[in-house]
Amino acid sequence: MKLKLPICPHCQYSFSWGSVMKTLWRFDGLTKCPQCGIVLYPIVSRRWHMSLSTFIMLCICFGMQMVGVAFSIIVPVFLLCALIAMLLIPYWYSYYDEDRH
Ligand SMILES: [Zn+2]
């Protein structure tokens, strides 16, 4: 599966990881293309929804298996999973312009 950062559907401007991350902190999640100025809506693509749920389930299963194992092992493992998920979030998004809604 190829990781791709979102691009503007209007002018093909490629968003940076940092700018996607910044957008995610906004309540409405809307962003403007810095190149052509069009308003874009972020959507999480379906295939990523699937992999995200799989990933979370794996984490939970892993956590369950570790019940009874030292807390000092469980915590770093979960933090690591959360960190990896966070770093990958910008790759899960695609941007769509208003016309498609
Ligand atoms: Zn654009």
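Criteria and thresholds
Residues numbered from 1 in each chain as written. Predicted model: local features only at pLDDT ≥ 70, side-chain atom pairs only at ≥ 80, totals over all residues. Helix = DSSP H or I, 4+ residues; strand = E, 2+ residues; numbered from the N terminus. Buried ≥ 20, exposed ≤ 12 C-beta atoms within 10 Å, placed from the backbone. Pairing = 2+ DSSP bridges.

Digging into the overall build of the protein chain
A count of helices and strands for the protein chain gives 3 helices and 3 strands. Order of helices (α) and strands (β) in the protein chain, N terminus to C terminus: α-β-β-α-α-β. When burial is assessed residue by residue, the protein chain has 10% of its 101 residues classed as buried.

A look at the pairing of strand E2 (residues 39-44)
Both strand E1 (residues 31-32) and E2 contribute to a ladder of 2 bridges, which runs antiparallel. Of the residues in E2, the one forming a bridge with Thr-31 is Leu-40. Taken together, the 5 bridges between E2 and strand E3 (residues 93-97) define a ladder with antiparallel strand orientation. Residue Val-44 lies in a different strand from E3, and its bridge partner there is Tyr-93.

A word on the sheet that holds E2
The 3 strands are arranged E1-E2-E3 in an open sheet whose pairing can be described as antiparallel. Two strands lie at the open edges of the sheet, namely E1 and E3, each paired on one side alone.

Considering unusual backbone geometry
The backbone of Gln-12 sits at a positive phi, close to 65°, despite the residue not being glycine. With respect to the helices, strands and loops of the structure, Gln-12 is situated in the segment before helix H1 (17-24). What makes Gln-12 exposed here is the crowd of 10 C-beta atoms within 10 Å.

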